[in-house]
Amino acid sequence: MLSQEICHQARLSRDARFDGSFFTAVKTTGIYCRSICPATPPKASNVEYYPTAHQAAQAGFRPCLRCRPDSAPQSAAWLGNQALLNRAIKCIDAGDLTHQTLTEFAEYLGVSDRYLRQLFVKYIGTAPKAYALYQQCLMAKQLLHQTRMPINQIALAAGFNSVRRFNDCFNKTLQLTPSQVRHSGTVSNDELVLKLSYRPPYDWPRMRDFLQARMIAGLESIETKSWGRTFELNGCQGSFVAEHLPNQHAFAVRINCSDLSQLRPVLQNIRRILDLGTDSLLIEQHLSTHLPMDFQLKSGLRIPGIWSVFEAGIRAILGQQVTVQAATNLVTQLVTELGANAFTGQLYFPTAEAVAQSQLSCLKMPAARKQSLRALAQHFIDAPQAAQNPETWLSIKGIGPWTVNYAKMRGQNDPDVFLAGDVGVNKAIINNKTATQQTIEPELMSPWRSYLTFQLWSQL
């Protein structure tokens, strides 16, 4: 938790860099707000600060209808240093606990439900189910604010099995009725468009240029202020376009989704791909203390994600020992050949089954590399844990540490991957040593070595 003085100054200045890092609860009104709330700042004696929105709600405060705390960027700092906790929270935010018991969920994570409950109580201050329920209500609140979706569809999209259950839980958790929230919202059209916020700085031009250099025609689209693509997730097909709104520190995401029950994991994946939960200032402060003084650190640099770990693995194999343009051409050929929907003609990234069963004759590359693609696809079919643990790919001929690390960095947005052995990374390190006479030591940059990798690439 930030100090009282820092919270006080950030609240009074409405500093967007602290948005999501803490929440302000006003004792006289019973409302909690974001640090950027446009309302007149209350007296310091009437204010309490909480590291999470859920803790403010547990203390008896309800969310502000003006600044909408449900739209605040996700905070990484309050998660602690527990890798298991971080993984559990990501899964819950994506809706994984909605349709299974806590025992089943804990077993999936490889721990007991008792231990998982203790971990949540220690670091979050509440049980896993209570945290999951609160996230469902916040998702519903965002849909009520920003869309014209009927209540029954909102209940389904938020993970509730019935409207009655949704209404009861929403009222109990947020101390508001769905009607109260909907009447306070402003929606200009019937499209499903949601805002996903981030804490500045955010270097959108560099993110856009990186994605554009690797864009797959027909699968992805990119404009000056937006990027979009088609997707498949848990049997759900759809597409989205994310438009950057720099003045609002957010992306407006327009979504077409064939199954509304998958909306939460879809949104969570979009947040991951655009790396919206990152505290750039925290990372850059850490890197700057260990980098040479003359190193030109790029502010607001994010990790451009890839939709799935499988797609990241395929792209990594096709990118081995070739230029970015050559790799992009190969991926485009693969998607065009194996990714077309037979009914709509729309392109999606090929499934593991499609790659495993294909001779890959469309690809002009060595037969051994084609076999690596098929072997990885078959591994995903045979081993359910392949997506969670890319280290298991090392047993496949033709897949080494660079491929695995690339897939972890962009397919999982793992923040602590240093891409050792990469030609561009090595060149940037050599150039820096020549210019500054100082050596970059990647191990000192942990747990943010993925951002070091992108910083080095940005020097070329």
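Residues numbered from 1 in each chain as written. Predicted model: local features only at pLDDT ≥ 70, side-chain atom pairs only at ≥ 80, totals over all residues. Heavy atoms only, no water.

> Is there a simple way to think about helix α1 (residues 4-13) in this case?
Given 3.6 residues per helical turn, the α-helix brings residues three or four places apart onto the same face. The set of residues buried in α1 consists of Cys-7, Ala-10 and Arg-11. Along the axis of α1, the buried positions cluster into a sector of 100 degrees, meaning they face one direction only. Where the residues of α1 are buried, they touch β1 (23-26) and β3 (47-50). Looking one or two residues past α1, Arg-14 carries a phi angle of roughly 55 degrees, positive in sign. (Buried < 20%, exposed > 50% of the residue type's maximum accessible area, 1.4 Å probe, protein only. Helix = DSSP H or I, 4+ residues; strand = E, 2+ residues; numbered from the N terminus. Arc of directions from axis to C-beta. Contact = heavy atoms within 4.5 Å.)

> Would you take a moment to explain the environment of Gln-359 for this structure?
With respect to the secondary-structure elements, Gln-359 resides in the loop between α15 (352-357) and α16 (367-382). For the pair Gln-359 and Lys-370, spaced 11 residues apart in the sequence, the C-alpha separation amounts to 8.0 Å. In contact with Gln-359, other than residues within four places in its own chain, are Lys-370 and Arg-374.

> Explain the layout of surface pockets here, please?
Where empty space is left can be seen by rolling a probe of water-molecule size over the atoms. Space inside the second largest pocket adds up to approximately 680 Å³. Elements represented by at least two residues in the lining of the second largest pocket include exactly α13 (309-318), α14 (324-338), α17 (401-411) and α18 (423-436). For the lining of the second largest pocket, the class distribution of residues is 13 nonpolar, 10 polar and 6 charged. (1 Å grid on protein atoms, 1.4 Å probe; cavity = no way out; pocket = protein on both sides within 12 Å on 5 of 7 lines; lining within 4 Å. Points joined across faces, edges and corners; volume = space filled by probe spheres on them. Nonpolar A, V, L, I, M, F, W, Y, C, P; charged D, E, K, R; others polar.)

> Please clarify how the environment of Ile-396 should be interpreted in this entry.
As for its placement among the helices and strands, Ile-396 is situated in the loop between α16 and α17. A relative accessible area of 11% places Ile-396 in the buried class. For the pair Ile-396 and Ala-375, spaced 21 residues apart in sequence, the C-alpha to C-alpha distance is 6.8 Å. Sequence-distant contacts of Ile-396, defined by excluding residues within four places in its chain, comprise Ser-372, Ala-375, Leu-376 and His-379.

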